[in-house]
Amino acid sequence: MMERTLSIIKPDAVGKGVIGQIITRFEEAGLNILGMKMVHLSKTQAKEFYAEHEGRSYFDGLTEFMTIGPSVVMVLGGEDVIKKSRALMGATNSPEAADGTIRREFGTDGRRNAVHGSDSPETAVREISYFFDASELVGGT
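Residues numbered from 1 in each chain as written. Predicted model: local features only at pLDDT ≥ 70, side-chain atom pairs only at ≥ 80, totals over all residues. Heavy atoms only, no water.

Asker: Quick question: what am I supposed to make of the sheet that holds strand E1 (residues 3-9) here?
Answerer: Pairing is antiparallel in the open sheet, where four strands are placed in the order E2-E3-E1-E4. Two strands bound the open sheet, and with one partner strand each, they are strand E2 (32-39) and strand E4 (115-117). Averaged over all pairs of adjacent strands, the angle between strand axes in this sheet comes to 20 degrees, irrespective of strand direction. Packing against the sheet, helix H7 (residues 121-131) makes contact with E1, E2, strand E3 (71-78) and E4, and its axis sits at approximately 60 degrees to E1. (Pairing = 2+ DSSP bridges. Helix = DSSP H or I, 4+ residues; strand = E, 2+ residues; numbered from the N terminus. Axes fitted to C-alpha atoms, helices over the stretch in contact; angles between N-to-C directions. Contact = heavy atoms within 4.5 Å.)

Asker: Even after reading the chapter, I still don't get the pattern of salt bridges, so can you show me in this structure?
Answerer: Opposite charge on two side chains permits pairing when their charged atoms draw close. One pass over the full model with this rule turns up six salt bridges. A salt bridge links Glu105 to Arg25; the nearest nitrogen and oxygen atoms lie 2.1 Å apart. Pair noted here: Glu105 is in helix H6 (residues 102-106) and Arg25 is in helix H2 (residues 19-28), with a separation of 80 residues, a long-range link. Between Lys37 and Glu136 there is a salt bridge, with the nearest N and O atoms lying 3.0 Å from each other. With Lys37 in strand E2 and Glu136 in the segment after H7, this pair connects stretches of sequence that are 99 residues apart. One salt-bridge network, in which partners are shared between bridges, spans Glu52, Arg126 and Glu127. (Salt bridge = Lys/Arg side-chain N within 4 Å of Asp/Glu carboxyl O.)

Rendered as structure tokens:
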């Protein structure tokens, strides 16, 4: 079975009008878009989605930031998709990300870093099911 991951184009990147450029990066790397939609997270949704980070110093700022505007959520699929998508995104803190990565080009710091991606297959399952029903994805379950 093909590996899946959740990718979010965050409000800062949506606001900059770079959705298409980011999607193109994933597609040009051979990753398949299995589902996609635009959402505007409420505070409750942001806190639920990032619940594993609750209690950390950045939690309140992150959940506040994720509600400032719409985001694009996507399910990407392919062989080693988590590893490949994370390499395309680059380091969490945009100034530390390698040249040519999405976060380096479109982000500004560790929060306004343009994109989110699942960090493991287990996290991907939880994150994908938060935003998508199987019927909304190419290939279903």
